[in-house]
Amino acid sequence: MMGNKVDSGFFLMDVLEVAPRLLGKIITIRDDEDIVKRYRISEVEAYRGEEDKACHASKGRTERNDVMYLEGGHVYVYLIYGMYWMLNIVTGKTGNPQAVLIRGVEGYGGPGKLTRIMNIDRSFYGEDLNTSKRIWIEEGEKLKYVQTPRINIDYAGEFWKNKPWRYIVTT
DNA sequence: TCATTGATTTCA
DNA sequence: GAAATCAATGAT
């Protein structure tokens, strides 16, 4: 059954609006063998602009975070700890570096595990969710969730570390 | 709690 | 150039 792709305007809202609304939506991947797989989003984290010390854009625009400065709807992928690809969705308007980290989908918790299962790597960097033929987001049901502080951002300082910008679907 | 792991970033 | 850092994970 084919779901409806989300409207491109959805990704242009502020990251704090987009993050909770992504819960329950479907990440859809078409692989090299033309097989389409769907994953329901269950956990995300929001990273919000240069002022957010936990955000990769907190020290300005670099080669790595460049795509965060583009219009919402692009895909931001990067390697962490030399082993794990992280999947992020850029949000907000052009020049406003925000992104949502996909931390979990139904059946698979953990951002590094997801990308391994979905076969997501560097080649997805900069993909446009509105036009890409191999990754996009489909509408899903609205789910209840709780908020907690973000994980593994001790370097960001107490103020930013304590922001409850991690969103988890409740069962 | 600790080793893994290497691209990116930071410091010189 | 060299050194430090890091949106994590799995084993101990």
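Scroll up a little and you will see the structure.
Figured I'd write up the structure that's included with this text. (Residues numbered from 1 in each chain as written. Chains lettered and ligands numbered in written order. Predicted model: local features only at pLDDT ≥ 70, side-chain atom pairs only at ≥ 80, totals over all residues. Heavy atoms only, no water.)

## Focus: the protein's contact with DNA strand B
Using the following cut-off: Summary of the distance rule: residues count as near a molecule or strand when at least one heavy atom falls within 4 Å of that molecule or strand. Under this definition, polar contacts are N or O atom pairs within 3.5 Å; protein pairs additionally need one hydrogen-donor-capable and one acceptor-capable atom, and for neighbouring residues in sequence, both atoms have to be side-chain atoms. Here the nonpolar group is Ala, Val, Leu, Ile, Met, Phe, Trp, Tyr, Cys and Pro; Asp, Glu, Lys and Arg are the charged ones; every other residue, Gly included, is treated as polar.
DNA strand B sits among Lys59, Thr62, Arg64, Tyr81, Gly82, Met83 and Arg122. Near the protein, within 4 Å, the atoms of DNA strand B are sugar or phosphate in 59% of cases. Between DNA strand B and Thr62 there is a distance of 2.6 Å, counted from a phosphate oxygen to a side-chain nitrogen or oxygen. Of the residues contributing to the surface near DNA strand B, the split by class is two nonpolar, two polar and three charged.

## As for the pattern of salt bridges
Which entries qualify depends on this criterion: The working definition used for a salt bridge is a side-chain nitrogen of Lys or Arg within 4 Å of a carboxyl oxygen of Asp or Glu. Labels follow the DSSP assignment, with helices taken as runs of H or I lasting at least four residues and strands as runs of E lasting at least two, numbered in each case from the N terminus. Categorising residues by exposure relies on relative accessible area from a 1.4 Å probe, with only protein chains included: less than 20% of the type maximum marks a residue as buried, more than 50% marks it as exposed, and the intermediate range marks it as partly exposed.
Taken as a whole, this structure holds 15 salt bridges when the rule is applied. A salt bridge links Glu139 to Lys25; its shortest N-O distance comes to 3.5 Å. Placement of the pair is Glu139 in the loop between strand E7 (135–138) and strand E8 (145–148) and Lys25 in the loop between helix H1 (15–22) and strand E1 (26–30), with a sequence separation of 114 residues. Measuring nitrogen to oxygen at the nearest pair gives 3.0 Å for the salt bridge that ties Glu43 to Arg103. Remark: Arg103 occurs in strand E5 (residues 98–105) and Glu43 occurs in strand E2 (residues 36–48); sequence separation between them is 60 residues. Using a relative accessible area of 12% as the deciding quantity, one classes Glu43 as buried.

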